[in-house]
Amino acid sequence: MDCKHASLRPTPEQDASFAAEALFAGELPHAAYHVGCALSSDVTRPEWLELLRRIKQDAGPDPLRIVPLQGRVSFATVAVRAWMLHEEGQAAQAIDLLSQGVHAKRDTDFVRWGLPWLEAQGVAEQAPIEPTLSLLSVTLTRLAPTDPSVPPRVIQVLERLSTRHRTHSGLAWLRGTLLHRLGRLDEALGVATEAHATIPNWLTAMLLATIHRARGDVAPALEAYQAALRHDATQNATRLDIADMLREQERFDEALNWYQAALSHDPASAWAQASMAALQFREHPQRDALERLLSVADTVPGPSRESQLVASSTRDLTPWVDYLPQRIDAGIHALRQMSHQPPAASGNTPPKVKLSTQWLEAPSVQLAWELHREWRGFPCVVDVVVQQVQRPDPRQPTEPVEFTLWSYTDTRPSRAVPPPPEEVGTALAELASVPFQREDWWREAARTSRALSAHEPEAIARAMVHPPPPRGSHSTWAWLQRIQLAAAFVIATREEAWLDSRRRTLLLALAKGPMDWTVEAALVALAHVARTTPEARAEVRALFQSLDQHTQDYASYEYALLCAWLQLPELSDAERAPLEERRRNIESHAGP
């Protein structure tokens, strides 16, 4: 409803005050609206419930007239009308309307009304089944995580519903699934068996398969899954569940066949792609399978099963040596998410995403957004708002250097060098396309370096911020990282000598430059230089110690620095232990 207080964005306490004022003035619809807004934050407040009762009492014999459903209707009005229907003994209508309101505004506290209403004698037996199941599902999602009494209470309501709706597969699914969650597997199996016998369809077959699987009964689970496929072969989740179960049983060849079947049915299935790659890497540890797994997981936003597969597959591998770790920058997390669901453009203006970061991030993060627009047709432009700039200032080199890739206007980075010759980018793309393994890349980089001997090392470095278009299935941000590392390796293999070499001057300049992914690339290259060039070791070790002083606030290269540091030869146990602990701490906070 239209309200003169709407622009004030009142607190619940203010809403309750407005309701009391409106009640005193006899403006009952206005009072009902505001008390509903207050109760949306806490339906248990006694004084607000009492205020609602007084409003209903003043409304006389027809209280529903003050909460009409015509015109623009607020969620608060809908909830208050549902409450009044319940108070008037119209329980079925109350449940139906409350379910609608809860789904329209899931973050309100009105969901707490539903379960007590349904527990009252005779209500569940009379309630409309679809809205009731919908309301119970939201109740479990919202309340069960903090209130362990909720699931058993919901079970009791579902049992009462089952006496009237014996052939409702959705009811059987929710009841069996909840019993499964509570560990009551014998009861769950009874529900699932009866449901599939009474209502033989895909949903009840999947319920039966899931319960058998939870009990460890693989043969009947497989039989039930296959029955589900006979009911509906279009449901690819069935194939994936079969594959997952067989993988759990270490029947890897069979699992691989089912993942392949799922992938044939849906070539875009990220889980099938990742699972196949993980199994193939497990059976035959080849880099191309691991890279396929990494590529799939790299584009899935948020914590995911795919990223858990990566964590499991790389548990015994060394980052920056055996594989390239995924980017964990906040800006890249946002880009992953929005790549799946980009905002719609308004007219000819591309949508602008405002990204607020606690600290200044690496300029390569913003470059990745720009390149994603250029290479992938991504519609969004990012506007980064930096809350604070860390100290020491990451926009400045840590020491004076002769060469830098970035410059800044306030907190906005820009590329400080022109693009390299096209053949430089082409050669680096060839190297970046090879499955990563440090020793393999080092050998390939040496060949690339010889092929590019006519070009100055600085020209190769310029490709770090002017990368060639991507090849293969790598994400934009992963490809940018690969080009930067490829360039650092090519520069590092240009000469064998260290002192007075151009590779030394340039790699140190990159490592000491403005905070960026390019610093990481230089650090990883320098760690390998130190391993293979004894005269470089003392200087590289001193550099790492110096850069570590810049990680007290956020530094995008801290993880790479720690991983590179741990690769230095002749590290004592006393030096290694705290570095390992810091590395593990970063990995644990990054998640799988």
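Residues numbered from 1 in each chain as written. Predicted model: local features only at pLDDT ≥ 70, side-chain atom pairs only at ≥ 80, totals over all residues. Heavy atoms only, no water.

**Notes on the overall build of the chain**
Across its full length, the chain holds 29 helices and 4 strands. Taken along its principal axes, the extent of the C-alpha atoms in the chain is 95 × 65 × 55 Å. Buried residues in the chain amount to 53% of all 592 residues. If you sum the accessible surface of the chain, you get close to 26900 Å²; carbon and sulfur atoms cover 49% of it. (Helix = DSSP H or I, 4+ residues; strand = E, 2+ residues; numbered from the N terminus. Buried < 20%, exposed > 50% of the residue type's maximum accessible area, 1.4 Å probe, protein only. Areas by Shrake-Rupley, 256 points an atom, 1.4 Å probe, with all protein chains shown as cover.)

**A closer look at the packing of helix H17 (residues 287-298) against helix H18 (residues 305-313)**
Following both chains from N to C, one finds H17 and H18 inclined at 145 degrees, their axes separated by 8 Å at the closest point. Here H17 runs over H18; the crossing is left-handed. Here Leu-293, Leu-294, Val-296 and Ala-297 of H17 come into contact with H18, specifically with Glu-306, Ser-307, Leu-309, Val-310 and Ser-313. Partitioning the contact of H17 with H18 into residue classes produces 6 nonpolar, 2 polar and 1 charged. (Axes fitted to C-alpha atoms, helices over the stretch in contact; angles between N-to-C directions. Left-handed = near helix turned anticlockwise from the far one by under 90°. Contact = heavy atoms within 4.5 Å. Nonpolar A, V, L, I, M, F, W, Y, C, P; charged D, E, K, R; others polar.)

**Describing unusual backbone geometry**
Pro-392 follows Arg-391 through a cis peptide bond whose omega is -5 degrees. Structurally, the position occupied by Pro-392 is in the loop between strand S2 (381-388) and strand S3 (406-409). Of note, Trp-320 is a non-glycine position whose phi angle comes to about 70 degrees, a positive value. Looking at where Trp-320 falls in the secondary structure, it is placed in the loop between H18 and helix H19 (330-340).

**Focus on the pairing of S3**
Covered by surrounding structure in S3 are Trp-406 and Tyr-408 only, the residues Ser-407 and Thr-409 on the alternate face being uncovered. Judged from the 4 bridges that link them, S3 and strand S4 (residues 412-415) form a sheet pairing that is antiparallel. Paired with Ser-407 across the strands is Ser-414, a residue of S4. As consecutive antiparallel partners, S3 and S4 are separated by 2 residues, and within that stretch Asp-410 has a phi angle of approximately 60 degrees, a positive value. (Pairing = 2+ DSSP bridges.)

**Thoughts on the pattern of salt bridges**
In total, this model carries 37 salt bridges according to the counting rule given. Here Glu-370 and Arg-415 are joined by a salt bridge, their closest N and O atoms 3.9 Å apart. Placement of the pair is Glu-370 in helix H20 (residues 363-376) and Arg-415 in strand S4, with a sequence separation of 45 residues. With its nearest N and O atoms 3.3 Å apart, the salt bridge here joins Arg-537 to Glu-570. Here Arg-537, found in helix H27 (residues 537-548), pairs with Glu-570, found in the loop between helix H28 (558-565) and helix H29 (573-590); they are 33 residues apart in sequence, far enough to count as distant. The exposure class of Arg-537 is partly exposed, given its relative accessible area of 22%. With relative accessibility at 64%, the residue Glu-570 sits in the exposed group. (Salt bridge = Lys/Arg side-chain N within 4 Å of Asp/Glu carboxyl O.)

**Considering the environment of Ala-459**
Mapped onto the elements, Ala-459 comes out in helix H23 (residues 457-462). Expressed as a C-alpha distance, the spacing of Ala-459 and Pro-420, which sit 39 residues apart in the sequence, is 5.2 Å. Sequence-distant contacts of Ala-459, defined by excluding residues within four places in its chain, comprise Pro-420, Pro-421 and Val-424.

**Side note on the packing of aromatic side chains**
All told, the structure shown has 8 aromatic pairs when counted by the stated rule. On the basis of an interplanar angle of 15 degrees and a centroid distance of 5.7 Å, the ring pair of Trp-113 and Trp-117 is categorised as stacked. Residue Trp-113 and its partner Trp-117 are located together in helix H6 (residues 111-119), separated by 4 residues, close to a single helical turn. With 5.7 Å between their ring centres and 65 degrees between their planes, Trp-369 and Phe-378 make a pair best called edge-to-face. The structure contains a cluster of three or more aromatic residues connected by ring pairs, namely Phe-75, Phe-110, Trp-113 and Trp-117. Between Lys-105 and the ring centre of Phe-75, over which it is positioned, the NZ or CZ distance is 5.3 Å. Above the face of the Trp-271 ring, Arg-305 is positioned so that its terminal group lies 3.9 Å from the ring centre. (Phe/Tyr/Trp six-rings, centres within 6.5 Å; stacked < 30°, edge-to-face > 60°. Lys NZ or Arg CZ within 6 Å of the ring centre and 35° of its normal.)

**A short note on helix H15 (residues 252-265)**
Under the 1.5 Å per step criterion, the end-to-end length of H15 is 20 Å for 14 residues, consistent within 8% with the ideal 20 Å. In the core, the buried residues of H15 are packed alongside helix H14 (236-248) and helix H16 (270-283). (Expected span 1.5 Å × (residues − 1).)

**Some thoughts on the pairing of S2**
Remember that side chains alternate between the two faces of the sheet whenever the strand is regular. By the bridge criterion, 7 bridges tie strand S1 (residues 352-359) to S2 in an arrangement that is parallel. Pairing of Trp-359 across the sheet is with Gln-388, part of S2. Taken together, S1, H20 and S2 constitute a β-α-β crossover, and its handedness is right-handed. (Right-handed = clockwise from strand over helix to strand, strands pointing away.)

**Section: the nonpolar core**
Counting 106 residues, the largest nonpolar core has Trp-113, Leu-136, Leu-158 and Leu-161 as its most contacted members. Here Leu-136 is in contact with Leu-115, Leu-118, Val-154, Val-157, Leu-158, Leu-161 and Leu-174, once residues within four sequence places are set aside. Listed in part, the 91 residues of the second largest apolar core include Ala-362, Leu-428, Ala-488 and Tyr-559. (Core = buried A, V, L, I, M, F, W, Y, C linked by side-chain atoms within 4.5 Å.)

**With respect to the packing of helix H2 (residues 28-39) against helix H3 (residues 46-58)**
In contact at an axis separation of 10 Å, H2 and H3 are set at 160 degrees when each is read in the N-to-C sense. Taken together, H2 and H3 sit at an angle that is classed as roughly antiparallel. The handedness of the crossing between H2 and H3 is left-handed. Together, Leu-28, Ala-31, Ala-32, Val-35, Ala-38 and Leu-39 of H2 and Trp-48, Leu-49, Leu-51, Leu-52, Ile-55 and Asp-58 of H3 make up the contact between the two elements. Here the residues of the contact of H2 with H3 sort into 11 nonpolar, no polar and 1 charged. (Parallel < 35°, antiparallel > 145°, perpendicular 65-115°, else oblique.)

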